[in-house]
Amino acid sequence: MPALNVEFSDRELEDLRQIAKERGTSMKALVREAAAADIARHRALQEGAEAFRRFFASHADEFAAAFPDDEPAVKGEGRVL
C-alpha cells in the first residue's frame with residue numbers, strides 16, 4: 001500500500017499521541033481516520049455543490065422571476081447562462 005510521510009511540530013505530535021491514547025488507538029490509525037474523514041467530507045461537498053448547480057440550472061427562469069434584482073445586466077435580449 002502506498003504511504004505518505006507527514007511532518008508534525010513537537011506540539012502537534014504530542015497532541016496526536018495524547019488523543020490516540022485517549023481513544024485507545026494508534027497514531028497511524030488516528031491520522032488515517034482523520035484524512036479519510038476529510039476526503040469523504042470533500043467528496044460530499046463536491047457532490048452537493050454539483051447537485052445545487054444542476055437544480056439551479058434547471059430552475060433558472062424561476063429564480064430569475066423570483067429575484068429579478070439579482071439578475072446580471074444583459075446586453076441584447078435573453079438571459080446569460
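Residues numbered from 1 in each chain as written. Predicted model: local features only at pLDDT ≥ 70, side-chain atom pairs only at ≥ 80, totals over all residues. Heavy atoms only, no water.

Describing the packing of aromatic side chains
Aromatic rings in a pair are described by how distant their centres are and how their planes are angled relative to each other.
Turning to step 1, where the next piece is worked out: Counting across every chain of the model gives 3 aromatic pairs.
Turning to step 2, where the next piece is worked out: Here Phe55 and Phe63 contribute two aromatic rings whose centre-to-centre distance is 6.2 Å and whose plane-to-plane angle is 80°, an arrangement assigned as edge-to-face.
Turning to step 3, where the next piece is worked out: On the basis of relative accessibility, which here comes to 44%, the residue Phe55 falls in the partly exposed class.
Turning to step 4, where the next piece is worked out: The exposure class assigned to Phe63 is partly exposed, which follows from its relative accessible area of 24%.
Turning to step 5, where the next piece is worked out: Members of the aromatic cluster, each reached through a chain of ring pairs, are Phe52, Phe55, Phe56 and Phe63. (Phe/Tyr/Trp six-rings, centres within 6.5 Å; stacked < 30°, edge-to-face > 60°. Buried < 20%, exposed > 50% of the residue type's maximum accessible area, 1.4 Å probe, protein only.)

Describing a nonpolar patch on the surface
Turning to step 1, where the next piece is worked out: Taken together, the side chains of Leu4, Val6 and Phe8 make up a nonpolar region of the molecular surface, amounting to roughly 300 Å² of accessible area.
Turning to step 2, where the next piece is worked out: By secondary structure assignment, the location of Val6 is in the segment before α1 (10–23).
Turning to step 3, where the next piece is worked out: Residue Val6 is classed as partly exposed on the basis of its relative accessible area of 45%. (Patch = residues over 30% accessible without salt bridge, like charges linked within 9 Å, V, L, I, M, F, W, Y side chains within 5 Å. Areas by Shrake-Rupley, 256 points an atom, 1.4 Å probe, with all protein chains shown as cover. Salt bridge = Lys/Arg side-chain N within 4 Å of Asp/Glu carboxyl O. Helix = DSSP H or I, 4+ residues; strand = E, 2+ residues; numbered from the N terminus.)

Considering the pattern of salt bridges
Turning to step 1, where the next piece is worked out: Evaluated as defined, the whole model comprises 4 salt bridges.
Turning to step 2, where the next piece is worked out: Glu14 is the partner of Arg17 in a salt bridge, and the nearest nitrogen-oxygen pair spans 3.7 Å. Linking Arg17 with Glu14, this pair stays in helix α1, spanning 3 residues, or about one helical turn.
Turning to step 3, where the next piece is worked out: A salt bridge links Glu50 to Arg54, with the shortest nitrogen-to-oxygen separation between them at 3.7 Å. Of this pair, Glu50 and Arg54 both sit in helix α2 (residues 27–58), 4 residues apart, which is roughly one turn of that helix.

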